[in-house]
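Here is what each chain is made of, one letter per residue.
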Amino acid sequence: MSPVCFDSLPTEIFYLIFQYLNKEHVAYAFFGLNSNFTSKVRYFIGKELNLAKIEDDQIFRFCLNTILPSIGYHLRYLSIGSPHSLSTYLPYIQNFCPNLNVLNIHCQTQHDDIRRYAAYLIHSQLMFFVLMYRNQIVGEEISMRLIEQHDDKVHQVMPLSHSLILNLPSWNDLILLKRFSESSFLFDGLYMIECVATGHWLTDGKDDLCVMSQRLHRDSIFSIKHVDVDQCSREYEVYNEGTQRRLTVLIPYEEEEERWSSSSILSTHRKESSRSCSSFTFEKLANDDIFYIRPCYSYAKRLQVYGKRIIVSRCDNENVTNHYFKLHRIS
């Protein structure tokens, strides 16, 4: 059959054929052949498009570069993601899909940190947000907390849809999102850290970090920096500004978790190893810059004042003021 005869078939025949194919394959095969085929493909795609799990990079690129610019304005539902990274397709959604009701993302965390998805996709105008793992809704409290504490201004987030679904490839991603939801965004800079219970400064002593009377001292000035360049993890490294030594704690063995041990002490003098942890989260309690500080290893407890030392606590008692630290940014 010649192309002219094929083109002249009744429209109903085309739609019957299209129903046996995926929309992305129909678009790749027929969109742009001529105005007649292009119109048929537009109508067939309608307001919903699923570009998730497209293995063929050429077809996926065609959909990004040709289909979304052409029909993205009319889309109300878009599913997209794995095996492609967020940075590959996010600009196309931002530029060409302004009227989405539902954005369904299949996260690819082999190369992308799951917290990048939270940082760049969650926004304050979301009406519905769920996390999915193996087709089941998970982490509802985490979802609520992520929306409540999200600040659109930090990453200049552009609202992309009224509803957002993040499909997680592993349970560990949910653990990371929980840590992310419990941490606050801090600007990189120089800080003095006050122990609320005593009113004293954290100070880099001769042996370990300790608390001293509240007077200006260079050993009480710390540089707090994001561990990642794009500042999406909300994990931080803390350095003594004078010596540039990094604060660490040791990750406890199982038998040490329920009791105090010397490895719990926060220190800048410890030789770092595979058991040392040098990244921390800061969980803001109120609007007066008071925080919980927690090491970034699984099931870590918060830091607390213990005599003159700072240690990893044996509990997470929220009413104990020696868990409270106030940050004073000086630069």
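Above this note sits the structure.
Predicted model, so just to flag it, every value in this text is computed and none were measured.

A. View of the sheet that holds strand 4 (residues 128–133). Taking strand neighbours across the sheet as the criterion, the 6 strands line up as 1-2-3-6-4-5 in an open arrangement whose pairing is mixed. Of all strands in the sheet, those bounded by a partner on one side alone are strand 1 (48–50) and strand 5 (136–138). Neighbour-to-neighbour, the strand axes of this sheet turn through a mean angle of 25 degrees, independent of strand direction. Where strand 1 and strand 2 (residues 77–81) come together, 3 bridges link them in parallel fashion. Within the sheet, the bridge partner assigned to Asn-50 lies in strand 2 and is Ser-79. The strands touched by helix 6 (residues 86–96) within the sheet are strand 2 and strand 3 (100–106), with strand 2 carrying the most contacts at an inclination of about 160 degrees.

B. Highlighting the packing of helix 8 (residues 140–148) against helix 9 (residues 171–181). In contact at an axis separation of 9 Å, helix 8 and helix 9 are set at 40 degrees when each is read in the N-to-C sense. Here helix 8 lies oblique to helix 9, going by the angle between them. For helix 8 against helix 9, the interelement crossing comes out left-handed. On helix 9, the residues touching Ile-142, Arg-145 and Leu-146 of helix 8 are Leu-174, Leu-177, Lys-178, Phe-180 and Ser-181. Taken together, the residues that form the contact of helix 8 with helix 9 break down as 5 nonpolar, 1 polar and 2 charged.

C. Up close: the packing of helix 2 (residues 11–18) against helix 4 (residues 35–45). Across the interface, helix 2 lies against helix 4 with an axial gap of 11 Å and an inter-helix angle of 55 degrees. Judged by the angle between their axes, helix 2 and helix 4 are oblique. The handedness of the crossing between helix 2 and helix 4 is right-handed. Residues Thr-11, Phe-14, Tyr-15 and Phe-18 of helix 2 pack against Phe-37, Lys-40, Tyr-43 and Phe-44 of helix 4. Each residue belonging to the contact of helix 2 with helix 4 can be placed in one class, and the counts come to 6 nonpolar, 1 polar and 1 charged.

D. Spatial organisation of the environment of Pro-98. Inspection of the secondary structure assignment puts Pro-98 in the loop between helix 6 and strand 3. Taking the C-alpha atoms as reference, Pro-98 lies 41 Å from His-328; in sequence the two are 230 residues apart.

E. Broad picture of the pairing of strand 4. Within strand 4, 5 of the 6 residues are buried, leaving the element largely enclosed by the surrounding structure. Strand direction decides the pairing type here: strand 4 and strand 6 (residues 161–168), joined by 6 bridges, are parallel. Of the residues in strand 6, the one forming a bridge with Tyr-133 is Leu-168. Two strands pair when backbone bridges link them, and strand 4 and strand 5 are joined in this way by 3 bridges, in the antiparallel orientation. Bridging across to strand 5, Tyr-133 finds its partner in Gln-136. In this structure, the hairpin formed by strand 4 and strand 5 is closed by a connection of 2 residues, where Arg-134 is found at a positive phi of approximately 55 degrees.

F. Local environment of the pairing of strand 2. Burial within strand 2 is extensive, with 4 of its 5 residues counted as buried. Taken together, strand 1, helix 5 (residues 57–71) and strand 2 constitute a β-α-β crossover, and its handedness is right-handed. With 5 bridges connecting them, strand 2 and strand 3 associate as parallel partners. When the sheet's bridge partners are listed, Ser-79 is paired in strand 3 with Asn-104. With respect to chirality, the unit in which strand 2 leads through helix 6 into the neighbouring parallel strand 3 is right-handed.

Conventions we followed
Sequence order sets the numbering: in each chain, residues are counted from 1 along the sequence as written. Predicted model: local features are reported for residues with pLDDT of at least 70 only, side-chain atom pairs are reported and counted for 80 or more only, and whole-chain, interface and lining totals are derived from all residues. Side-chain calculation: all heavy atoms of the structure are included, whereas hydrogens and water are not. Pairing between two strands is assigned when DSSP locates at least 2 bridges connecting them. Strands are runs of DSSP state E lasting at least 2 residues, helices are runs of H or I lasting at least 4, and numbering of each runs from the N terminus. The axes are straight lines fitted to the C-alpha atoms, using for helices just the contacting stretch, and the angles between their N-to-C directions are given from 0 to 180°. Contacts were defined at the residue level, with two residues in contact if any of their heavy atoms lie within 4.5 Å. Any angle that is under 35 degrees is reported as roughly parallel, and any over 145 degrees as roughly antiparallel; angles of 65 to 115 degrees are reported as roughly perpendicular and all others as oblique. By the definition used in this description, the sense in which the near helix is turned from the far one sets the handedness, with an anticlockwise turn below a right angle giving left-handed and a clockwise turn giving right-handed. For this scheme, ten residues count as nonpolar: Ala, Val, Leu, Ile, Met, Phe, Trp, Tyr, Cys and Pro. Four count as charged, namely Asp, Glu, Lys and Arg, and the remainder, Gly too, count as polar. Residue burial is assigned from relative accessible area. The probe radius is 1.4 Å, only protein chains are included, and a residue is buried under 20% of its type maximum, exposed over 50%, and partly exposed in between. Here the term right-handed applies to a crossover when the path leading from its first strand over the helix to its second strand runs clockwise, the strands being oriented away from the viewer.

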